[in-house]
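What the coordinates show
Residues per chain, in single letters:
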Amino acid sequence: MAMSNNVRVAVDAMGGDFAPREIVIGAVQAAAAGGVEIFLVGEPDTVSRELASLDYEGLPIKVIPSEGVVMEGESPIQVMRQKPQASILITSGLVKAKQAQAMVSMGSTGATMAAAVHLLGLLEGIERPALGGPIIGLAPETVLGDLGSNLDCRPGQLLGFAALGSILPMKVFPPPVSDCVFVPSSHVRGGEQDCRVCRQGAGPRCETRLLNTFQKIGVNFQTRSRQFAGCVRLAASVLLGFR
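Residues numbered from 1 in each chain as written. Predicted model: local features only at pLDDT ≥ 70, side-chain atom pairs only at ≥ 80, totals over all residues. Heavy atoms only, no water.

What follows concerns the overall build of the protein chain. Of regular secondary structure, the protein chain possesses 9 helices and 6 strands. For the protein chain, the proportion of its 243 residues judged to be buried stands at 42%. Considering only residue pairs separated by 6 or more positions, the protein chain has 66% of its internal contacts joining residues 24 or more positions apart. By element, 54% of the accessible surface of the protein chain is carried by carbon and sulfur atoms, the whole surface being about 13200 Å². (Helix = DSSP H or I, 4+ residues; strand = E, 2+ residues; numbered from the N terminus. Buried < 20%, exposed > 50% of the residue type's maximum accessible area, 1.4 Å probe, protein only. Contact = heavy atoms within 4.5 Å. Areas by Shrake-Rupley, 256 points an atom, 1.4 Å probe, with all protein chains shown as cover.)

Given below as structure tokens:
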């Protein structure tokens, strides 16, 4: 496989609601669209079997072996101790080793963020990682974060999330405006720190109905191959924006 100027993206093939089938299909679609070189990280026999049913000849795709799958609900700390060769850790490790320039996972959110922090670290001045990004399909130039992965945050931490959310679209989209960071749940209220931020003017209510709203308008959080291919291309676009 000849080297190129494609963005090298490490993909966690074992993570997601319909993994590895839909993840592998989406990765092939992204590679076929051009601009990316894919490292598919997963159990070799399983991933190769999925690839064998697809037309990927000549595409810049390489299988990277891993061992173990992180299940929803598993403790991220326990995963790092007990499954050091799990796909998400190998995926993150490729970025740390500079073999890949970006990583994508549709697997366990907690394990993904823990792996990124543990292996890649945090930017100076940022105390916690923020989960978020463009709302693909619905509002592709709107960056939403933090999506509930951090509860009971101090105002300074929320400011850090807003800074991250501003820098991302600044590099990729038109000039942004940062707004409130909130918890997207119809059942979980914000912690005391969130309430204090709301009282300071960040928003009128701690409880939000964002998840229910998304479901009503047809946004599906279970990622299929076409959406995953878009996520891979988005990761490449973000990286190009920071070059």
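There's more to say after this.
Tallied over the full model, the rule gives 3 salt bridges. For the salt bridge of Lys-83 with Glu-74, the shortest nitrogen-to-oxygen distance reads 2.9 Å. (Salt bridge = Lys/Arg side-chain N within 4 Å of Asp/Glu carboxyl O.)

Summarising the model, the protein chain shows a mean pLDDT of 75, and 67% of its residues fall at 70 or more. Mean pLDDT values over the elements of the protein chain span from 45, in helix 7 (residues 192-202), up to 97, in strand 3 (residues 61-65). Contacts of residues 180-190 to residues separated by more than four positions or lying in other chains number 31 contacts, the stretch itself having pLDDT below 50. In this model, residues 194-211 is a region of pLDDT below 50 whose contacts with residues beyond four sequence positions or in other chains number 32 contacts. (pLDDT = per-residue confidence, 0-100.)

Spatially, 3-2-1-4 is the arrangement adopted by the 4 strands of the open sheet, whose pairing is parallel. The open sheet is flanked by strand 3 and strand 4 (102-104), the only strands paired with a single partner. Ignoring strand direction, the axes of neighbouring strands in this sheet form an average angle of 25°. The sheet contact formed by strand 1 (residues 7-12) and strand 4 spans 3 bridges and is parallel. Opposite Ala-10, over in strand 4, you have Met-103 as the bridge partner. (Pairing = 2+ DSSP bridges. Axes fitted to C-alpha atoms, helices over the stretch in contact; angles between N-to-C directions.)

Next up on the list: the side chain of Ser-87. Note that Ser-87 resides in helix 4 (residues 87-96). For Ser-87, a relative accessible area of 2% corresponds to the buried category. In this structure the side chain of Ser-87 is engaged in a polar contact, spanning 2.6 Å, whose partner is the side chain of Asp-12. Look past the residues within four positions of Ser-87 in its chain and what remains in contact with it is Asp-12, Met-14, Val-41, Ser-66 and Gly-68. (Polar contact = N/O pair within 3.5 Å; in protein donor to acceptor, adjacent residues only side chain to side chain.)

This part is about unusual backbone geometry. Looking along the chain, the bond that leaves Ala-19 and enters Pro-20 is cis, with omega of -5°. Within the secondary structure, Pro-20 sits in the loop between strand 1 and helix 1 (21-33). Even without a glycine there, the phi angle at Lys-98 is positive, about 65°. With respect to the element layout, Lys-98 can be found in the loop between helix 4 and strand 4.

On to the packing of helix 4 against helix 5 (residues 109-120). Between two packed helices, what matters for the description is the angle formed by their axes and the separation of those axes. Where helix 4 meets helix 5, the axes come as close as 9 Å, and the angle between the chain directions of the two elements is 35°. Where helix 4 crosses over helix 5, the two elements pack in a sense that is right-handed. Where helix 4 abuts helix 5, its residues Ile-88, Leu-89, Ser-92, Gly-93, Val-95 and Lys-96 lie against Ala-111, Thr-112, Ala-115, Ala-116, Leu-119 and Leu-120. (Left-handed = near helix turned anticlockwise from the far one by under 90°.)

Val-9, Val-11, Ile-38, Leu-40, Val-47, Leu-51 and Ile-61 are the most contacted members of the largest nonpolar core, which totals 19 residues. When contributions to this core are tallied by element, the ones reaching two or more residues are strand 1, helix 1, strand 2 (36-42) and helix 2 (44-52). Looking at this core element by element, the count peaks at 6 residues for helix 1. Apart from the residues within four sequence positions on either side, Leu-40 is in contact with Val-11, Ala-13, Val-24, Ala-27, Val-47, Leu-51, Ile-61, Lys-62, Val-63 and Ile-64. Counting residues in hydrophobic clusters, the runner-up holds 16 residues, among them Ile-64, Val-70, Val-79 and Ala-111. (Core = buried A, V, L, I, M, F, W, Y, C linked by side-chain atoms within 4.5 Å.)

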